[in-house]
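Residue-level listing of the chains:
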Amino acid sequence: MKQTTNPRQLALESLTACEKDGKFANLEVNASLVSSGLSEADAGLYTRLVYGVLERKITLDYIIDGISDRPSASLDCDVLTAIRLGLYQMLYMDRIPDHAAVSESVELVPRSKRGFVNAVLRTFLRNGKAVSFPTEGDFAYRLSVKYSFPEELCRLYMDCYGDECAEGILAASNGEPPLSLRVNTLRSDIGEIAERLCGRASEIAPSIVLTKEFSAAVKEGIASGDFFVQDEASRICTAVLDAKPGETVVDTCACPGGKTFSAALDMENRGTVYAFDLHKNKLSLIEKGAKRLGIGIIRTAENDARCPVPHLVGKADRVLCDAPCSGLGVIAKKPDIRYKSLDSVKRLPEIQYDVLCGAAEYVREGGVLVYSTCTLNTAENEEIVRKFLVCHKEFAPESDEKYGLIDGMRTFFPHKDGCDGFFIAKMRRREK
């Protein structure tokens, strides 16, 4: 258990754990914040350093390779991490003086290694903190260095959406994203909540978007059930589902529950929402969240989405299939996802198709089926839906002009839509 009260030291320890032990950044950060006892200000600095260095790691190593007589790949993990921390503070954190960024980073390593860390960081300062990004050669490589994404992911975006859109995605996936909140309309008024939090009401009611630093009032409101975190694209997904009071709704891959809660609120807490998930241990997140929000119509159960629950087949008015995916649309919130090998993504389309086929069995005649992912990858999105529609003639795509679904589908891009990268497809089961 970490006991340090130095946020930079804790950041180095957490980054080292992510680098050497393969720990997930969000889990490492959450655990460290609980055990460290940092003040609110130091906790904010620690969190920013961990996520920021992870986000800019490729760019930072490119800079190190240009100013150090030893390549970054050859450096001890603690030395490399300390240099990354110093560079990150000097490049991306305006409120920290350069001399403090250098001295504090040098102090993070054993005395025998401090001379080297100091020399590299001071060389960067002497050079005026100048960074010369490559301007010629392979475009994927140039994007990789500038935006700190692996080349294979840059190429994936380029293949799916073209060079210009790919660069837009990469640029928008760095930095701190806005926080979107779904207001609990069972007990709260959106106008009052927006005024309290100094946020703006989203066009996708009843949501609020916060672009400034998040206050203690946000944590208090989440704890009391006045609202919960839900990205605007996710909120649009449940708006497209358009669940009505009194209906039967099935959410086949429900955890952690944001879309389940949103659908139940759209139903004014009348009807039934069946929330299924493959992982039984995660269902408590939905149960606790529903209790906190005062929602009583959600029924949870463990279930593999590929194998529909028999007594609900053909009984649901609306079905949401938020399929397990690569998560490439939420990199702004989870920067370490960008380093995931794309080999691990190749098996997902087969699973996603089977999950969608299973979800379809719940839909009654005339009912609605919504397929969604939080990724930007046509193989996991459009291609799955097109294959499904070819093989399931009983379903037809349903356009939605209000939410921009053309031929029943829409991809949301962070640089164009100001939200997570997200995909939504709406289909309706034909009546015989």
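The structure we're discussing is the one just above.
A few words now on the overall build of the protein chain. In terms of helices and strands, the protein chain carries 18 helices and twelve strands. In terms of C-alpha radius of gyration, the protein chain reaches 23 Å, essentially the compact-globule figure of 22 Å for 432 residues. Within the protein chain, the proportion of its 432 residues that are buried is 55%. A separation of at least 24 residues holds for 73% of the contacts in the protein chain among residues at least 6 apart in sequence.

Our focus in this paragraph is the side chain of R114. Among the structural elements, R114 can be located in helix α7 (residues 111–126). In this structure, R114 is in contact with V106, E107 and V109, ignoring residues within four places of it in sequence.

Next up on the list: the state of the cysteines. In the structure shown here, the tally under the stated rule is zero disulfides. No disulfide involves C321; its nearest neighbouring cysteine sulfur is the one of C253, lying 5.2 Å away. Of all cysteine sulfurs in the structure, the one in C325 sits closest to C374, which takes part in no disulfide; the separation is 3.6 Å. The partly exposed category is assigned to C374, whose relative accessible area is 24%.

The subject of this paragraph is the packing of aromatic side chains. What describes a pair of aromatic rings is the distance from one ring centre to the other and the angle between the planes of the rings. Under the definition given, this model contains eight aromatic pairs. A ring pair is formed by Y161 and F413, whose centres lie 5.1 Å apart and whose planes are at 85 degrees; its orientation type is edge-to-face. Here Y161 is found in helix α9 (residues 151–161), whereas its partner F413 is found in the loop between β11 (409–412) and α18 (414–417), with 252 residues between them in sequence. Take Y161 and F413: they sit in the same class, and that class is buried.

At the junction of C255 and P256, the peptide bond is cis and its omega measures out at 10 degrees in the coordinates. Note that P256 resides in the loop between β5 (248–251) and α14 (258–266). Positive phi is not limited to glycine here, since K129 has a value of about 55 degrees. By relative accessible area, which is 27% here, K129 ends up partly exposed.

The next point concerns the packing of helix α5 (residues 77–92) against helix α6 (residues 98–106). Across the interface, α5 lies against α6 with an axial gap of 9 Å and an inter-helix angle of 170 degrees. The angle between the axes of α5 and α6 places the two elements in the roughly antiparallel class. Side by side, α5 and α6 meet where A82, L85, G86, Q89 and M90 of the first sit next to D98, A101, V102 and S105 of the second.

Counting residues in each nonpolar core, the largest one holds 41 residues, and the members touching the most others are I83, L85, L87 and V117. At the level of secondary structure, the elements contributing two or more residues to this core comprise α1 (7–21), α2 (25–36), α3 (40–55), α4 (57–67), α5, α6 and α7. If we ignore the near neighbours within four places in the chain, the residues touching L87 are L60, I63, I64, L121 and F124.

This paragraph deals with empty space enclosed by the protein. Overall, the coordinates contain one cavity of 30 Å³ or more when judged by the stated rule. Its boundaries defined by the atoms lining it, the largest cavity holds a volume of some 40 Å³. Among the secondary structure elements, those contributing two or more residues to the lining of the largest cavity are α1, α3 and α5. Here the residues of the lining of the largest cavity are counted per class, giving three nonpolar, one polar and three charged.

Reported here for the second largest pocket is a volume of approximately 230 Å³. As for the second largest pocket, its lining consists of 13 residues, of which E203, I204, E232, I236 and D417 are closest to the centre. Looking at the lining of the second largest pocket, the elements with two or more residues in it are α13 (232–241) and β11. Broken down by element, the lining of the second largest pocket gets its largest block of residues, three residues, from α13.

Before going further, it helps to spend a moment on the sheet that holds strand β2 (residues 200–201). One open sheet accounts for four strands, arranged β2-β3-β1-β4; its pairing is antiparallel. Taken across any chain shown, the strands that pair with only one partner, and hence form the sheet edges, are β2 and β4 (227–229). Inspection of the sheet shows strand β1 (residues 179–183) paired to strand β3 (residues 207–210) by four bridges, in the antiparallel sense. Directly across from L179, in β3, lies its bridge partner L210.

With that settled, consider α9. An α-helical turn contains 3.6 residues, so a residue and the one three or four places further along point in the same direction. Those residues of α9 lying buried are L153, C154, L156, Y157, M158, C160 and Y161. Tucked inside the fold, the buried residues of α9 contact α8 (139–147), α10 (163–172) and β11.

As a packed pair, α8 and α10 sit with axes 10 Å apart at the nearest point and diverge in direction by 15 degrees. Classified by the angle their axes make, α8 and α10 are roughly parallel. The two elements α8 and α10 cross, and the hand of that crossing is right-handed. The residues of α10 that touch α8, namely those facing F139, L143, K146 and Y147, are D163, E167, L170 and A171.

Before going further, it helps to spend a moment on the pattern of salt bridges. Applying the stated rule across the entire model yields 30 salt bridges. Two residues, R196 and E192, come together in a salt bridge whose shortest N-O distance is 3.3 Å. Taken together, the positions of R196 and E192, both in helix α11 (residues 190–197) and four residues apart, correspond to about one turn of that helix. Taking the relative accessible area as the measure of exposure, R196 reaches 35% and is therefore partly exposed. Close ionic contact of E398 with K426 constitutes a salt bridge, the shortest N to O distance being 3.3 Å. Of this pair, E398 sits in the loop between β10 (395–397) and β11 while K426 is found in strand β12 (residues 422–429), placing the two residues 28 residues apart along the sequence.

Moving on to the side chain of S68. Relative to the elements of secondary structure, S68 occurs in the loop between α4 and α5. A distance of 2.8 Å separates a polar atom in the side chain of S68 from the backbone oxygen of R70. Apart from residues no more than four positions distant in its own chain, S68 is found in contact with F116 and V120.

Cut-offs applied
Residues numbered from 1 in each chain as written. Predicted model: local features only at pLDDT ≥ 70, side-chain atom pairs only at ≥ 80, totals over all residues. Heavy atoms only, no water. Helix = DSSP H or I, 4+ residues; strand = E, 2+ residues; numbered from the N terminus. Rg over C-alpha atoms; globule rule 2.2 N^0.38 Å. Buried < 20%, exposed > 50% of the residue type's maximum accessible area, 1.4 Å probe, protein only. Contact = heavy atoms within 4.5 Å. Disulfide = S-S within 2.5 Å. Phe/Tyr/Trp six-rings, centres within 6.5 Å; stacked < 30°, edge-to-face > 60°. Axes fitted to C-alpha atoms, helices over the stretch in contact; angles between N-to-C directions. Parallel < 35°, antiparallel > 145°, perpendicular 65-115°, else oblique. Core = buried A, V, L, I, M, F, W, Y, C linked by side-chain atoms within 4.5 Å. 1 Å grid on protein atoms, 1.4 Å probe; cavity = no way out; pocket = protein on both sides within 12 Å on 5 of 7 lines; lining within 4 Å. Points joined across faces, edges and corners; volume = space filled by probe spheres on them. Nonpolar A, V, L, I, M, F, W, Y, C, P; charged D, E, K, R; others polar. Pairing = 2+ DSSP bridges. Left-handed = near helix turned anticlockwise from the far one by under 90°. Salt bridge = Lys/Arg side-chain N within 4 Å of Asp/Glu carboxyl O. Polar contact = N/O pair within 3.5 Å; in protein donor to acceptor, adjacent residues only side chain to side chain.

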